[in-house]
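Fold and geometry: a report
What follows is each chain in one-letter form.
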Amino acid sequence: MSKAAVIAVDGPGGAGKGELTRRLASELGFSLLDSGAIYRVLAYAARKAGLALFDEDSLCQEAAVMDLSFDPREDGVHVLLGGDDVSSAIRTEEAGANASKVAQLPAVRKALLQRQRDFRKEPGLVADGRDMGTVVFPDAQVKIFLDAAPEVRARRRVSQLEAAGKQADYGLILKEIKERDDRDRNRIVAPLKPAADAVVLDSSDLGIEEVFAKAMEIARARLGL
Ligand code: C5P
């Protein structure tokens, strides 16, 4: 029996994967996996429990027991940890940096593998992450690697923060983006890189409509829709 369809969308933070994957899932009626949120919640839970972000054994135990769920609501998908809504708390720059620290640890990645694979079900899944096409779903029928220049991603992040009425320092955000990229691209396990059979899209000069149209074209061709 063939497995449910998976559209794997990988790439660095801020390339537009979140918006793209939400649109693809909604257009195709597929479910959605935001794998970054899982790493963010683990780092958040670890901090709350007073664990060091390099304490691999304790982090693995936390990964095995943490009560994480996604709750789709009208204003977006809320992330719950033990029933508490942690959606905003896990979206800070610091939470992203902490997530990328725990994500460097091989045993932690392994401990979270099955939790991610369990999202695969009919009629299909759109999976957003760094290693969806390379490690978690190597047999995904569609693989897209969405890239964008760090400067473009930093500008987008500044606009997002300003739109939310928050202060944003472009220089600092660019520095944090480059540091996180370095950690994600150079780690030993599941480094951020396009799968050999991925289509690379660069969104530096493309709006979300164009990226979505191109991704839908690729998905339709590969899935025979
Ligand atoms: O995508 P997001 O910015 O929420 O991811 C936060 C961090 O989690 C990333 O910088 C990366 O280090 C890690 N991550 C990962 N593998 C994934 C998704 C996220 O290592 N599949």
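Here, every reference points to the structure presented above.
Okay, so let's go over this structure. All values derive from a computational prediction rather than experimental measurement. Position numbers for residues count from 1 along each chain, tracking the sequence in the order it is written. Restriction of local features to residues with pLDDT of at least 70 applies here, the model being predicted, together with a cutoff of 80 or more for giving and counting side-chain atom pairs; totals for whole chains, interfaces and linings are based on all residues. Neither water nor hydrogens contribute to the side-chain values; these are computed over all heavy atoms in the structure.

1. Re the overall build of the protein
Helix and strand counts for the protein come out as ten helices and eight strands. Taken along the three principal axes of its C-alpha coordinates, the protein extends 50 × 45 × 35 Å. Using a 1.4 Å probe on the protein chains alone, a residue whose accessible area is under 20% of its type maximum counts as buried, one over 50% counts as exposed, and one in between counts as partly exposed. A buried classification covers 46% of the 225 residues belonging to the protein. Residues scored as charged are limited to Lys and Arg (positive) and Asp and Glu (negative), so that His and the chain ends carry no count. All charge positions are set by atom: Lys at NZ, Arg at CZ, Asp at CG, Glu at CD. Put simply, the protein has 33 plus and 36 minus side-chain charges, and the middle of one group is 2 Å from the middle of the other. The way it works is that DSSP assigns letters per residue, a run of H or I at least four long becomes a helix, a run of E at least two long becomes a strand, and they are numbered from the N terminus.

2. Here we look at the sheet that holds strand 1 (residues 5–10)
A sheet is described by the order of its strands in space; here five strands give the open sequence 2-6-1-7-8, paired in parallel fashion. Every other strand in the sheet has two partners, leaving strand 2 (31–34) and strand 8 (199–202) as the edge strands with one partner each. Across this sheet, the average inter-strand angle for adjacent strands is 20°, counted without regard to direction. Here strand 2 pairs with strand 6 (residues 124–129) via four bridges, running parallel. For two strands to be treated as a pair, DSSP must find no fewer than two bridges joining them. All axes are obtained by fitting lines to C-alpha atoms, using only the stretch in contact for helices, and the reported angles, taken between N-to-C directions, cover 0 to 180 degrees.

3. Comments concerning the nonpolar core
Each nonpolar core is a collection of buried residues, namely Ala, Val, Leu, Ile, Met, Phe, Trp, Tyr and Cys, held together in the definition by side-chain atoms within 4.5 Å. In terms of nonpolar packing, the biggest core is built from 35 residues, with V41, M66, L112 and F137 touching the most fellow members. When residues of this core are traced back to their parent elements, those giving at least two are strand 1, helix 2 (35–48), helix 3 (56–65), strand 4 (76–81), helix 4 (93–102), strand 6 and helix 7 (132–136). Broken down by element, the residue count for this core peaks at eight residues, all from helix 2. Note on contacts: a residue pair is in contact if any heavy atoms of the two residues lie within 4.5 Å. Not counting residues within four places of it along the chain, the set of residues in contact with M66 comprises I38, V41, L42, L81, L112 and R115. A15, V126, F212 and A219 belong to the second-largest nonpolar core, a separate cluster that totals 21 residues.

4. Comments concerning the site of the ligand
Around the ligand, 17 residues are found, and the nearest of them are R40, R109, R180, D184 and R187. One nitrogen or oxygen atom from the side chain of S35 is found 2.9 Å from a nitrogen atom belonging to the ligand. Side-chain atoms alone can form a polar contact between residues adjacent in sequence; in general such a contact is a pair of N or O atoms within 3.5 Å, and within protein one must be able to donate a hydrogen while the other accepts it. Within the side chain of D131, a nitrogen or oxygen atom sits 2.9 Å from a nitrogen atom of the ligand. Of all elements in the fold, only helix 2, helix 4 and helix 9 (170–186) reach the threshold of two or more residues within the shell around the ligand. All amino acids are sorted into three groups, where Ala, Val, Leu, Ile, Met, Phe, Trp, Tyr, Cys and Pro are nonpolar, Asp, Glu, Lys and Arg are charged, and the leftover types, Gly among them, are polar. A breakdown of the residues in the shell around the ligand according to their chemical character gives four nonpolar, four polar and nine charged. When at least one non-hydrogen atom of a residue lies within 4 Å of a molecule or strand, that residue is treated as near it.

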